[in-house]
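# Residue-level structure breakdown
Given next are the chains, with one letter for each unit.
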Amino acid sequence: MQTTSSRLNREVELSPQVKARQHEISEHAIAYCHRSLNNSRFFTLLKQGNVTQSLMQYVFLQYGLWRDRLHQWFGLCIVKAPSCADQESAIMALADHTFTDLQDGHSEMFLALLDVLGLDRSDLQSTERSAATISYERSFFNTFGYETSNFYEALAGLSGRELCVSIRNQRILQEYFDPQNLEHPAWLALHAELEVDHFLDAIRPVLIHFVGEVAINDVIQAVEQSIDRHMQYFDDLLDEFNAELAQALQPQN
């Protein structure tokens, strides 16, 4: 497994209250990820062994276009931070994730994933963003727009996506690559583990901020909505692929 860098100090001792809340939120989010995956039409097909290589190629070409703009979501959270001093740990976590992605060659790892799927850089460069990808890119801005004072909810939403990616990748490896005896691409395998750290990095400042509050329903809702929206993206890509396939199969006059 390739290693990845981080400038964060993850050994900082948390109060018992924050530790307990972190465990509670993590367990809830993990269970919710599995429920959302089980409700996804794309991941149901994957579990049944009915995801074709061409469908997987379509999904990850579009996903590659989206991930190239993920830094914009981190940027929005940084812009929304009320104070650099008071939100220092949150801003550092956001910046560290961006630094890790760019410093440690994650784009090259993603290209290696495309290679295993029978694609290359030219396929990605010649692909246009689909309606589903454009919609997903905008979804974070639509939910957590600049003019709204929901910094911690936005941070929680971003953390939910991070955790969802980890569990999603585990399923893709187990239910697509393993049955075909394909090698585990480093990008999928690494992010199956790395995103758990990123989830904790992003959610920890939120939990510290809300420490002592009995209910943080807005935070939990933001995590859940982000997970569901990520799953919707895959289902929207499935619909697009099926529509294009049906159109291609129509008899030509």
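## Side note on the side chain of H230
Among the structural elements, H230 can be located in helix 11 (residues 217–249). Residue H230 is classed as buried on the basis of its relative accessible area, which comes to 0%.

## Notes on the environment of L114
Topologically, L114 is positioned in helix 6 (residues 106–116). Overall, the relative accessible area of 0% leaves L114 in the buried class. When near neighbours in sequence (up to four residues on either side) are disregarded, L114 contacts F60, L61, L119, D120 and L124.

## Here's the deal with the nonpolar core
If you look at the biggest cluster of nonpolar residues, it comprises 76 residues, and the most contacted ones within it are F42, F60, Y63, F177 and I203. The leading source of residues in this core is helix 9 (residues 151–177), at 14 residues. Setting aside residues no more than four positions away along its own chain, Y63 makes contact with F110, R161, V165, R168, W187, H230, Y233 and F234.

## As for the packing of helix 3 (residues 53–67) against helix 6
At their nearest, the axes of helix 3 and helix 6 sit 11 Å apart, and the two run at 170° to each other. Considering the angle they form, helix 3 stands roughly antiparallel to helix 6. Taken together, the residues of helix 6 that come into contact with helix 3 (itself represented by F60, L61, Y63, G64 and R67) are H106, S107, F110, L113 and L114. When grouped by side-chain class, the residues that make up the contact of helix 3 with helix 6 number 6 nonpolar, 3 polar and 1 charged.

## Topic: helix 8 (residues 131–143)
Its 13 residues give helix 8 an end-to-end C-alpha distance of 18 Å, which sits within 8% of 18 Å, the value for a rise of 1.5 Å per residue. Most pronounced at E137, the bend in helix 8 amounts to some 30°. Those residues of helix 8 lying buried are A132, T133, Y136, E137, S139 and F140.

Basis of the calculations
Residues numbered from 1 in each chain as written. Predicted model: local features only at pLDDT ≥ 70, side-chain atom pairs only at ≥ 80, totals over all residues. Heavy atoms only, no water. Helix = DSSP H or I, 4+ residues; strand = E, 2+ residues; numbered from the N terminus. Buried < 20%, exposed > 50% of the residue type's maximum accessible area, 1.4 Å probe, protein only. Contact = heavy atoms within 4.5 Å. Core = buried A, V, L, I, M, F, W, Y, C linked by side-chain atoms within 4.5 Å. Axes fitted to C-alpha atoms, helices over the stretch in contact; angles between N-to-C directions. Parallel < 35°, antiparallel > 145°, perpendicular 65-115°, else oblique. Nonpolar A, V, L, I, M, F, W, Y, C, P; charged D, E, K, R; others polar. Expected span 1.5 Å × (residues − 1). Bend = angle between axes of the 7 residues up to and from the residue.

Remember, this is a structural readout, not a statement about activity or role.
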